[in-house]
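# Secondary and tertiary structure notes
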Amino acid sequence: MQRRKFLSSSCKICLLGAAGYSWLQLESCSPVSSVYKAAITNGALNIPLNLFDKNALQIVRPNGWYFDVAVQKNTDNSYTALLLQCTHQDNQLTPTGKGYHCSLHGSDFDKQGNVRKGPAEQPLQHFDTTISNNTLNIHINNFKP
């Protein structure tokens, strides 16, 4: 009788552990931050700087674009803007804690857009940024993904 109770308890503990692990994995798939939708005005996306008060990473979705733009506030108060389009086969990338991941073939990019793991070989598209009147301007000019 003790063996049966031991096996039953052990199975329950294993199931609870697996459920907890699965929950953590699902949470890691959730978006890093909410998506900020922006219109393209005079060849630029204009983002309020106060968006970065709570989270240094913002995901921006330009109107009419399929791919998002990841905007990272750096420790030196500069900004990095990257197109979240995999350079291998044009798949939308997902932000992770260490950079960006392509779910199609497994390419990984660091926070600066450099390839960490292929099959992608080219870095991500960078956009220049400037600041004016408490607004971050992401200069996309005539770029069309």
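Shown above is the structure to which this text applies.
An account of the accompanying structure is given in this report. (Residues numbered from 1 in each chain as written. Predicted model: local features only at pLDDT ≥ 70, side-chain atom pairs only at ≥ 80, totals over all residues. Heavy atoms only, no water.)

Of note, the phi angle at asparagine 42 is positive, near 50 degrees, even though the residue is not glycine. With a relative accessible area of 78%, asparagine 42 lands in the exposed category. Despite not being glycine, asparagine 77 shows a phi value in the positive range, around 65 degrees. Within the secondary structure, asparagine 77 sits in the loop between strand E5 (69-73) and strand E6 (79-83). (Buried < 20%, exposed > 50% of the residue type's maximum accessible area, 1.4 Å probe, protein only. Helix = DSSP H or I, 4+ residues; strand = E, 2+ residues; numbered from the N terminus.)

All told, the structure shown has three aromatic pairs when counted by the stated rule. Measuring from ring centre to ring centre gives 5.0 Å for phenylalanine 52 and tyrosine 79, while their planes differ by 65 degrees; the resulting arrangement is edge-to-face. Remark: tyrosine 79 occurs in strand E6 and phenylalanine 52 occurs in the loop between strand E3 (44-48) and strand E4 (57-62); sequence separation between them is 27 residues. Comparing phenylalanine 52 with tyrosine 79 shows no difference in burial state: the two are buried. (Phe/Tyr/Trp six-rings, centres within 6.5 Å; stacked < 30°, edge-to-face > 60°.)

This next bit is on the environment of valine 71. Position of valine 71 relative to the elements: it lies in strand E5. For valine 71, a relative accessible area of 0% puts it in the buried group. In the structure, valine 71 is positioned 24 residues away from isoleucine 47 in sequence and 9.6 Å away in space, judged by C-alpha atoms. Those residues in contact with valine 71 that lie beyond four places of it in its chain are Phe52, Ala56, Leu57, Gln58, Val60, Tyr79, Thr80, Ala81, Leu136 and Ile138. (Contact = heavy atoms within 4.5 Å.)

Below, the discussion takes up the state of the cysteines. Under the counting rule described, the total for this entry stands at zero disulfides. Take cysteine 86: it sits in no disulfide, and the sulfur closest to it among the cysteines is that of cysteine 102, at 3.8 Å. Judged by relative accessible area, which is 1%, cysteine 86 ranks as buried. A relative accessible area of 2% means that cysteine 102 is categorised as buried. (Disulfide = S-S within 2.5 Å.)

Relative to the helices and strands, glutamine 58 is located in strand E4. Residue classification places glutamine 58 among the buried positions, given a relative accessible area of 5%. At a separation of 3.1 Å, a polar atom in the side chain of glutamine 58 contacts the main-chain carbonyl oxygen of asparagine 55. (Polar contact = N/O pair within 3.5 Å; in protein donor to acceptor, adjacent residues only side chain to side chain.)

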